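# Observations on the three-dimensional arrangement
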Number of protein chains: 2
Amino acid sequence: MESNTPIRRKITLSDIAAGCGVSRATVSLVLRGSPLVNRKTRARVEEELRRQGYVYNRMAANLRRRTSSGIALVLNELANPFFAEFAAGVDEVVGEAGFVTLLGCTNESPAREQAVLGSLIEHGPAGIILSPAEHSDASQVLAAVGAQTPLLLFNRELGGSLPEFAHWDRLTLDNQHGTRLATEHLIARGHRRIAFFGGHRDSSSCRQRHAGYAEAMQAAGLPIEPHWQVECAPTRLAAAAQTPALFAAAPAPTAAVCYNDAVALGLVLGLNQRGLHPGRDFALTGFDDIAEAQLSAPPLTTLAAAPRARGRQAAELLLQRLREPQAEPRHTIVPVQLVIRESSCAPSDRS
Amino acid sequence: MESNTPIRRKITLSDIAAGCGVSRATVSLVLRGSPLVNRKTRARVEEELRRQGYVYNRMAANLRRRTSSGIALVLNELANPFFAEFAAGVDEVVGEAGFVTLLGCTNESPAREQAVLGSLIEHGPAGIILSPAEHSDASQVLAAVGAQTPLLLFNRELGGSLPEFAHWDRLTLDNQHGTRLATEHLIARGHRRIAFFGGHRDSSSCRQRHAGYAEAMQAAGLPIEPHWQVECAPTRLAAAAQTPALFAAAPAPTAAVCYNDAVALGLVLGLNQRGLHPGRDFALTGFDDIAEAQLSAPPLTTLAAAPRARGRQAAELLLQRLREPQAEPRHTIVPVQLVIRESSCAPSDRS
DNA sequence: CTCCAGATTTGGATCGTTCTAAATCAGGCA
DNA sequence: TGCCTGATTTAGAACGATCCAAATCTGGAG
């Protein structure tokens, strides 16, 4: 099969330089928008760039500059809409800044995380945004990425202790304050017997969310029964299955603060199976405000984390760090917003 | 702030070569697993690589080989769970093959697509997987990526005509057959007045899906009223807002084949707002089988496209192409499966 | 004129691999 | 021993931009 376009050799800086009688160095300066070059020269060079159809070869530049113009984005789970939105936000800002996003997906496996980080680091990314897999360990991550590449931790804490010379930035949600708001909201609606439902207590985010709940209950002088604190995997299925545990003993709760939206949606299922009408007989709140939250029946009162905005923010924090490599490590805790919908009804006669 | 780890110069091939008394070339061969090197030598070099903690510098390799080990993945929309799953599938296979995914997100804007492609191409990706933005034009895309880099088109056709020398592979869903199945299913359930709802008619996938619907209606001898064909952006919000258009004139439809799941979920909202009970008073089907489809109220009858599998498939097709650059361009059409759930009820008295 | 400062421009080395062609080595055979 | 063959190894030139220090240019002051 013959191609009918001439396979012309790639145009390089030298071609442009030769084409308009200046040196490679000058062309390079023009390309990078340096103020050093004369107006007249710049115009001439730019014209020649257009004329020859030059395309910049970032691979060459990367080699010389010893760092690529890529930002590695390593996620524990891309299929989750929360992280998909997050990724979209990251990519927006990364792209605007002239970088490119190197994607890696670990599927919650620390082993895969090691492999992915190892592979990405070979490309010399300018920085890394990492949402760790469950049970991912700080020293392992450090071993994989080295101490030179700036890294921003998103969403979760790492297990193990962080060697003090790896000054990583962090961006996490204000989990504790969020569930505190949710709990206070339920209390304000008139609930007195409120459960905390779902999640695994050995995950940092679950501990924080539980703390916010406990704090609000305590502040209101409300007791917490042991069987109101039910752990389960943060999935719909597990949550539905664990629902009976809430009602295993008297007094039964009239409301529940759930670990996240997935758990809350599972609880909705579980309540329906018991013949309870969530949003009328039983109040509940979620966390994350995933797209389904506003569409479920009943629409879910939840804490909005605005994942796309978080993605943009993560990228901006990392770019900031690239600009000031020596600045103190930052820990940014972003507030979450209580979105009140119909699932957080007042207590009913029935409950 | 002082770091307490020595900032040691990066280890290079030369360091390894020097460290065990062979030439750089030999070490390079070892790294690439060439069969040319002697067992004994290979072992010695590998030991030294470990000892010095060498990390491969792909930027240098990329420059020399004139193509990077990146696969560009350019998506019209990442927030849509369908594409998020697709991306996850692509990344799996790309990673397994030792490549890295370069992500780019166009948000349905051809202008942004140009920018994203332009930026990615500078990194010399080995190949490109592109799910075009709406109204994206073949010649524009060609201008941005050049004729040298293999490209796989996913999901949509490009506008304009494809210059014959750009032999691009394609992977698309069997849209027409899918909606035909859905429509036939609704007809079998007893519906006679069926609408086609959502999407923009100038997108190829929408045209194909509409064709499948029209085909089934015609085959069954059923008429189609003009106001049963409602266009809107393929988002929940737009679909909810356009719902009244379906009922703007008599006779009202009793069922709708929706452009995709997002639209169907929006229609669910819109119907609820009108006091109609989807899955009881009105039947509807979606397309894609995103995760929310089976959890919505009512669970959605839809066409499963298995996006993660499609992602894996897309990556495999592209890798195949890298292995055989001269092979004939392939157009792969993947069948979709009708998943019957509760949204596609029989017509009720009410409707 | 000559000199100087500031504005531009430039040659040449450099980044760390891969590639090519040629060199070297080991062992068998005459 | 000397030659030949196949198996290994290697020197050195790429790849294409960036960096640095030094060269050149300009125009105004003395």
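All figures in this text were calculated on a predicted structure; none of them were measured in a lab.

## Let's talk about the protein's contact with DNA strand C
Residues in contact with DNA strand C amount to 26 residues; listed here are only the nearest, A:Thr41, B:Ser28, B:Arg32, B:Tyr54 and B:Tyr56. A share of 69% of the atoms of DNA strand C within 4 Å of the protein falls on sugar and phosphate groups. In the environment of DNA strand C, a phosphate oxygen lies 2.4 Å from a nitrogen or oxygen atom belonging to the side chain of B:Ser28. Put simply, the parts of the chain that give the surface near DNA strand C at least two residues each are α2 (24–31) and α4 (58–65) of chain A together with α2 (24–31) and α4 (58–65) of chain B.

## Some details on the relation of the copies chain B and chain A
Under the fitted operation, chain B is carried onto chain A by 0.9 Å of movement along the axis and a turn of 179 degrees, and the coordinates agree to an RMSD of 1.2 Å. The operation mapping one copy onto its partner corresponds to a two-fold rotation axis. Within chain B, the C-alpha atom positioned nearest to the axis of rotation is that of B:Leu102, 2.6 Å from it. The residues that chain B uses at the interface reappear at the interface of chain A in 98% of cases, marking a shared surface.

## Quick word on the packing of helix α10 (residues 236–246) of chain A against helix α11 (residues 261–273) of chain A
All names here are of chain A. The N-to-C vectors of α10 and α11 enclose an angle of 55 degrees; their axes lie 7 Å apart at closest approach. Accordingly, the angle class assigned to the pair α10 and α11 is oblique. The handedness of the crossing between α10 and α11 comes out as right-handed. Contact with α10, carried on its side by Arg 236, Ala 239, Ala 240, Thr 243 and Leu 246, involves Ala 262, Val 263, Leu 265, Gly 266, Leu 267, Leu 269, Gly 270 and Leu 271 of α11 and no other residues of that element. For the contact of α10 with α11, the class distribution of residues is nine nonpolar, three polar and one charged.

## What to know about the domain arrangement of chain A
All names here are of chain A. For chain A, the assigned domains read domain 1 (13–56), domain 2 (69–173 + 307–334) and domain 3 (175–305). Using C-alpha coordinates to define each centre, domain 2 is positioned 30 Å away from domain 3. Taken together, the seven residues of domain 2 in the interface contact eight residues of domain 3. Where domain 2 abuts domain 3, roughly 720 Å² becomes buried across the two surfaces, and 51% of that area is made up of carbon and sulfur atoms. Among the residues of domain 2 in contact with domain 3, Phe 82, Glu 157 and Leu 173 are the three that bury the most area, contributing 55% of the side total. In this structure, the connection of domain 2 to domain 3 is made through zero salt bridges.

## Looking at the nonpolar core
Among the nonpolar cores identified, the biggest contains 99 residues, and A:Ile129, B:Ile129, B:Phe197 and B:Leu267 are the most heavily contacted of them. Other than its neighbours up to four places away in sequence, A:Ile129 contacts A:Ile71, A:Ala72, A:Leu73, A:Val74, A:Phe86, A:Val90, A:Leu152, A:Ala314, A:Ala315 and A:Leu318. Counting residues in each nonpolar core, the second largest holds 38 residues, with A:Val100, B:Val116, B:Leu117 and B:Val141 among its members.

## So, the sheet that holds strand β2 (residues 100–105) of chain B
The pairing of strands in a sheet happens through backbone hydrogen bonds and is either parallel or antiparallel. Ordered by their spatial adjacency, 12 strands build an open sheet running β11(A)-β5(A)-β4(A)-β3(A)-β1(A)-β2(A)-β2(B)-β1(B)-β3(B)-β4(B)-β5(B)-β11(B), and the pairing between neighbours is mixed. In this open sheet, the two edge strands, each paired with only one partner strand, are β11 (331–334) of chain A together with β11 (331–334) of chain B. The average angle at which neighbouring strand axes cross in this sheet is 20 degrees, direction not considered. Relative to β2(B), strand β2 (residues 100–105) of chain A runs antiparallel, the two being bridged by three bridges. Paired with A:Leu103 across the bridge in β2(B) is B:Thr101. Where helix α6 (residues 110–121) of chain B meets the sheet, it contacts β2 of chain A together with β1 (70–75), β2 and β3 (127–130) of chain B, and its direction lies at approximately 155 degrees from that of β2(B).

## Observations regarding helix α9 (residues 204–219) of chain A
Residue and element names in this part refer to chain A. Look at α9: 23 Å from first C-alpha to last across 16 residues, which is about the 22 Å you get at 1.5 Å a residue. Listed as buried for α9 are Ser 204, Ser 205, Cys 206, Arg 209, His 210, Gly 212, Tyr 213, Ala 216 and Met 217. Looking at the buried residues of α9, the elements they touch are β5 (169–173), α8 (175–188), β6 (194–197), β7 (229–230) and β8 (255–258). Just downstream of α9, Gly 221 is the residue with a positive phi angle, here 70 degrees.

## With respect to the state of the cysteines
Overall, the coordinates contain zero disulfides over all chains when judged by the stated rule. Here A:Cys232 stays free of any disulfide, with the sulfur of A:Cys258 as its closest cysteine sulfur at 8.6 Å.

## Some remarks on the pairing of β2(A)
Residues and elements named next belong to chain A. In terms of burial, β2 is largely enclosed, as six of its six residues are buried. Here β2 shows two buried faces, one formed by Val 100, Leu 102 and Gly 104 and the other by Thr 101, Leu 103 and Cys 105. Where strand β1 (residues 70–75) meets β2, six bridges bridge the pair, whose relative direction is parallel. Note on β2: the bridge partner recorded for Leu 73 is Leu 103. Between the parallel pair β1 and β2, the chain is carried across by helix α5 (residues 81–96), and the sense of this crossover is right-handed.

## Comments concerning the packing of helix α1 (residues 13–20) of chain A against helix α3 (residues 39–52) of chain A
Two packed helices can be described by the angle between their axes and the distance between those axes. Residues and elements named next belong to chain A. One can describe the packing of α1 onto α3 by two numbers: an axis separation of 9 Å at closest approach and a directional angle of 120 degrees. Relative to α3, the element α1 lies oblique. Along this stretch, α1 crosses α3, giving a crossing that reads as right-handed. The segment α1 lies against α3, with Asp 15, Ile 16, Gly 19 and Cys 20 engaging Arg 44, Val 45, Glu 48, Leu 49 and Gln 52. Here the contact of α1 with α3 is composed, by residue class, of four nonpolar, two polar and three charged.

## A few points about the pattern of salt bridges
Residue and element names in this part refer to chain A. All told, the structure shown has 30 salt bridges over all chains when counted by the stated rule. Across the pair Arg 50 and Glu 47 runs a salt bridge, and its minimum N-O distance is 3.8 Å. Here Arg 50 pairs with Glu 47, and both are found in helix α3, just three residues apart, close to one helical turn. On the basis of relative accessibility, which here comes to 40%, the residue Glu 47 falls in the partly exposed class. Between Glu 215 and Arg 180 there is a salt bridge, with its nearest N and O atoms 3.3 Å apart. Separated by 35 residues along the polypeptide, Glu 215 in helix α9 and Arg 180 in helix α8 bring together distant segments of the chain. By relative accessible area, Arg 180 is classed as partly exposed at 23%.

Reading the values: rules and limits
Residues numbered from 1 in each chain as written. Chains lettered and ligands numbered in written order. Predicted model: local features only at pLDDT ≥ 70, side-chain atom pairs only at ≥ 80, totals over all residues. Heavy atoms only, no water. Near = heavy atom within 4 Å. Polar contact = N/O pair within 3.5 Å; in protein donor to acceptor, adjacent residues only side chain to side chain. Helix = DSSP H or I, 4+ residues; strand = E, 2+ residues; numbered from the N terminus. Least-squares fit on C-alpha atoms with pLDDT ≥ 70 in both. Contact = heavy atoms within 4.5 Å. Axes fitted to C-alpha atoms, helices over the stretch in contact; angles between N-to-C directions. Parallel < 35°, antiparallel > 145°, perpendicular 65-115°, else oblique. Left-handed = near helix turned anticlockwise from the far one by under 90°. Nonpolar A, V, L, I, M, F, W, Y, C, P; charged D, E, K, R; others polar. Domains from an automatic or database assignment. Buried area = accessible area lost by both parts, 1.4 Å probe. Salt bridge = Lys/Arg side-chain N within 4 Å of Asp/Glu carboxyl O. Core = buried A, V, L, I, M, F, W, Y, C linked by side-chain atoms within 4.5 Å. Buried < 20%, exposed > 50% of the residue type's maximum accessible area, 1.4 Å probe, protein only. Pairing = 2+ DSSP bridges. Expected span 1.5 Å × (residues − 1). Disulfide = S-S within 2.5 Å. Right-handed = clockwise from strand over helix to strand, strands pointing away.

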